[in-house]
Protein chains: 2
Amino acid sequence: MATLIFPINHSPLQDAEALRKAFEGWGTDEKTIISILGHRSSYQRQQIRKAYEDHYQEDLVKRLEKEITGDFEKAVYRWILEPADRDAVLAHVAIKNGRDYQVIVEIATVLSPEELLAVRRAYLKRYKHSLEEDVAAHTTGHLRQASSWGQLLVGLVSSYRYVGDDINVKLAQSEAEILHEAIKEKKLGHEEAIRILTTRSKTQLVATFNRYREAHGGSITKNLLDGSSDEFHKALYTAIRCFYDHTKHFIEQVVRNAIKKVGTDEDALTRVIVSRAEKDMKHIKEAYYKRNSVQIEQAVAKEISGDYKNFLLALLGKED
Amino acid sequence: MATLIFPINHSPLQDAEALRKAFEGWGTDEKTIISILGHRSSYQRQQIRKAYEDHYQEDLVKRLEKEITGDFEKAVYRWILEPADRDAVLAHVAIKNGRDYQVIVEIATVLSPEELLAVRRAYLKRYKHSLEEDVAAHTTGHLRQASSWGQLLVGLVSSYRYVGDDINVKLAQSEAEILHEAIKEKKLGHEEAIRILTTRSKTQLVATFNRYREAHGGSITKNLLDGSSDEFHKALYTAIRCFYDHTKHFIEQVVRNAIKKVGTDEDALTRVIVSRAEKDMKHIKEAYYKRNSVQIEQAVAKEISGDYKNFLLALLGKED
């Protein structure tokens, strides 16, 4: 369930006019921007962009870039894009930065196969390169030791998995053992672990992870980072957690880490809230409260301020 | 240009009725089957299947399996399927046989990115596994030495390349050198060669191959199989040839090899003719004649016989 609150009926043109008014005059009226864009569905936002462009012969996104700044601007920019396009941008930023490859693992593992495909399409359209092409060019080759890492990432973003409830129990057993060997021996068996994680259906993978737990008395991620926190192991860890339970991943790995950091990781906070507000943020909120006995809104509000804060809180379901 | 000749107007129901009549009575009337199915477009064939099923509550494909046999049956079965579904079947047969992996390389490299995606979708629907999942399970892992081979195949079938005329000349230069090193050193650099071939756009790859030829005075495939004709090198060879000029690949590698063999490779012959009759078979025919000074129909007719021969000749544009 989503946290986003939006009206069933809205007039794209009236919204465009109100935004235009907010841009003009002395200073920008951020409150209006938040009250409109923070309360429109993805489809409605696209309609507003179109109405604005048709009416004022100006790209709304470009105008927003001039009117607002900093984390607020970044959050609004991410938010206004269609989901697949937004993820394409997030992936591209991560590749260009050469860090935050966790974002790419997240996109490749949390989204459904069709959603991931839509991201690949959007990426091609925007950057005239394929997503896997750019990931591969930045992660494989030069450093031999990084080879498993690159293979895992490229395999994850290139996957188009079977979606369905069919589980092969025998396969879950044998592949749980393969993963166990791969983790135990640290160096061997990477190739098999990569094959399993990049090709099996999510349902099958969860069955395999459950089997692992039964057979070895502990979750597969439990000892994964002991002594080896290189990029490959980190990506493996994130992938497995996202397959298993992405809500938990978002709460523990992203939101908690973002808040825990000295100087808050705004990009991570923005990413989770903007990406999930229209999907399952309500569920994430409930799980967050259950885990921390604090509302996520309170936790977030303590860390950030101003328009940025107000905007994220709007997406988290705060009424104006 | 296609070689298939088909009427602009046809009645799916009349065709279905004529086929039904051909099945009934003493023996099967193969001539009618050929004259109908050998002269209908992909769309028309699907309409006939539907009309037949609606009218007789029987699957036309299943009925055909009962009525005809051998290479003729196989060819008609391949032909009647939608192109993406047919390629999914061809890929599955190749994986199950554990040989003919060249077919998979062909599908992954000759088709456009969107066509390849349609094959992956059809494969998922039919087999409840992803194509890359089955390729990976059969080619990676168990044999360590086969690892490059598996990676190459999985990368090829998982690709969703950029389509466009943009070429990065510098990249073509540097990647031509990387490929040169990889081929010269035989063992090293596989990973980089795989990365390049599985992710770059076809236009970019052709620019890289051209650059290779200029810089090293010979085509990239020229020395590729010298001394190392393992599965990896064979797949590499086929992939490069298909990217470069798939017409030449079909003529030299598939049709010529199929005919040259003691006991003709009917599966290969069927595959090329059935797959290309509605696409670029006219072009392949012309190129074949230019190369061999013999019409492809004559060459094919010499090797095979009966209904199978008549059916393939119909697809090659022979009028009844």
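Keep in mind it's a predicted model, so treat the numbers as computed, not measured.

## Section: the relation of the copies chain B and chain A
Here is step 1 of the chain: In screw terms, the move from chain B to chain A is a rotation of 180° and a rise of 0.0 Å along the axis, fitting with an RMSD of 0.0 Å. Taken together, the rotation angle and the small translation identify this as a two-fold axis. Taking C-alpha positions as the reference, the residue of chain B nearest the rotation axis is S158 of chain B, at 2.7 Å.
Here is step 2 of the chain: A share of 100% of interface residues in chain B that are also interface residues in chain A marks the association as one of identical surfaces.

## Describing helix α11 (residues 169-184) of chain B
Residues and elements named next belong to chain B.
Here is step 1 of the chain: A rise of 1.5 Å per residue sets the reference length of α11, with its 16 residues, at 22 Å; its end C-alpha atoms lie 22 Å apart and thus fit the reference within 8%.
Here is step 2 of the chain: Every buried residue of α11 is accounted for by L171, A172, E175, A176, L179, H180, A182 and I183.
Here is step 3 of the chain: Looking at the buried side of α11, the elements it contacts are α12 (190-199) and α13 (202-216).

## What about the domain arrangement of chain A?
Residues and elements named next belong to chain A.
Here is step 1 of the chain: Structurally, chain A comprises domain 1 (12-68), domain 2 (165-229 + 239-244) and domain 3 (247-315).
Here is step 2 of the chain: Look at where the C-alpha atoms of domain 1 and domain 3 centre, and you get two points 25 Å apart.
Here is step 3 of the chain: Each side of the interface is counted separately: domain 1 has eight residues, and domain 3 has six residues.
Here is step 4 of the chain: Buried surface at the junction of domain 1 and domain 3, both sides included, amounts to about 520 Å², of which 63% is carbon and sulfur.
Here is step 5 of the chain: The largest per-residue losses of area from domain 1 upon contact with domain 3 belong to E30, I34 and G38, which jointly make up 67% of the total buried on that side.
Here is step 6 of the chain: At the surface where domain 1 touches domain 3, the tally comes to one salt bridge.
Here is step 7 of the chain: The tally of links between domain 1 and domain 3 comes to two residue pairs in polar contact (both at pLDDT 80 or more).
Here is step 8 of the chain: At the level of elements, α2 (30-37) and α3 (42-56) are the ones that each hand at least two residues to the side of domain 1 that touches domain 3.
Here is step 9 of the chain: Partitioned by chemical class, the residues of the side of domain 1 that touches domain 3 number two nonpolar, four polar and two charged.

## Description of the packing of aromatic side chains
Here is step 1 of the chain: Counted according to the given criterion, the structure contains 12 aromatic pairs over all chains.
Here is step 2 of the chain: Note on F209 of chain B and Y244 of chain B: the rings are 6.0 Å apart at their centroids and 35° apart in plane angle, and the pair reads as tilted. Of this pair, F209 of chain B sits in helix α13 while Y244 of chain B sits in helix α14 (residues 231-244), placing them 35 residues apart in sequence.
Here is step 3 of the chain: On the basis of relative accessibility, which here comes to 2%, the residue F209 of chain B falls in the buried class.
Here is step 4 of the chain: Taken together, the ring pairs in this structure connect F23, Y52 and Y56 of chain A into an aromatic cluster.

## Thoughts on the packing of helix α7 (residues 101-110) of chain A against helix α10 (residues 147-158) of chain A
Residues and elements named next belong to chain A.
Here is step 1 of the chain: It is the contact of α7 with α10, at a shortest axis distance of 8 Å, that shows an interaxial angle of 35°. The two elements α7 and α10 meet at a crossing, and its hand is left-handed. Side by side, α7 and α10 meet where Y101, I104, V105, A108 and T109 of the first sit next to W149, L153, L156 and V157 of the second.

## Topic: the pattern of salt bridges
Here is step 1 of the chain: Scanning all chains against the criterion turns up 46 salt bridges over all chains.
Here is step 2 of the chain: With a closest N to O distance of 3.0 Å, E252 of chain A and R291 of chain A form a salt bridge. Separated by 39 residues along the polypeptide, E252 of chain A in helix α15 (residues 246-260) and R291 of chain A in helix α17 (residues 281-292) bring together distant segments of the chain.
Here is step 3 of the chain: Overall, E252 of chain A belongs to the buried group, its relative accessible area being 8%.
Here is step 4 of the chain: Ionic pairing is found between R45 of chain B and E278 of chain B, a salt bridge with its closest N-O pair at 3.2 Å.

## Focus: helix α12 (residues 190-199) of chain A
Here is step 1 of the chain: In terms of residue burial, α12 of chain A counts as a mostly covered element, since 10 of its 10 residues are buried.
Here is step 2 of the chain: Buried within α12 of chain A we find H190, E191, E192, A193, I194, R195, I196, L197, T198 and T199 of chain A.
Here is step 3 of the chain: The inward-facing, buried residues of α12 of chain A abut α10, α11 (169-185), α13 (202-216) and α14 (231-244) of chain A together with α9 (131-139) and α10 (147-158) of chain B.

The rules we used
Residues numbered from 1 in each chain as written. Chains lettered and ligands numbered in written order. Predicted model: local features only at pLDDT ≥ 70, side-chain atom pairs only at ≥ 80, totals over all residues. Heavy atoms only, no water. Least-squares fit on C-alpha atoms with pLDDT ≥ 70 in both. Contact = heavy atoms within 4.5 Å. Helix = DSSP H or I, 4+ residues; strand = E, 2+ residues; numbered from the N terminus. Expected span 1.5 Å × (residues − 1). Buried < 20%, exposed > 50% of the residue type's maximum accessible area, 1.4 Å probe, protein only. Domains from an automatic or database assignment. Buried area = accessible area lost by both parts, 1.4 Å probe. Salt bridge = Lys/Arg side-chain N within 4 Å of Asp/Glu carboxyl O. Polar contact = N/O pair within 3.5 Å; in protein donor to acceptor, adjacent residues only side chain to side chain. Nonpolar A, V, L, I, M, F, W, Y, C, P; charged D, E, K, R; others polar. Phe/Tyr/Trp six-rings, centres within 6.5 Å; stacked < 30°, edge-to-face > 60°. Axes fitted to C-alpha atoms, helices over the stretch in contact; angles between N-to-C directions. Left-handed = near helix turned anticlockwise from the far one by under 90°.

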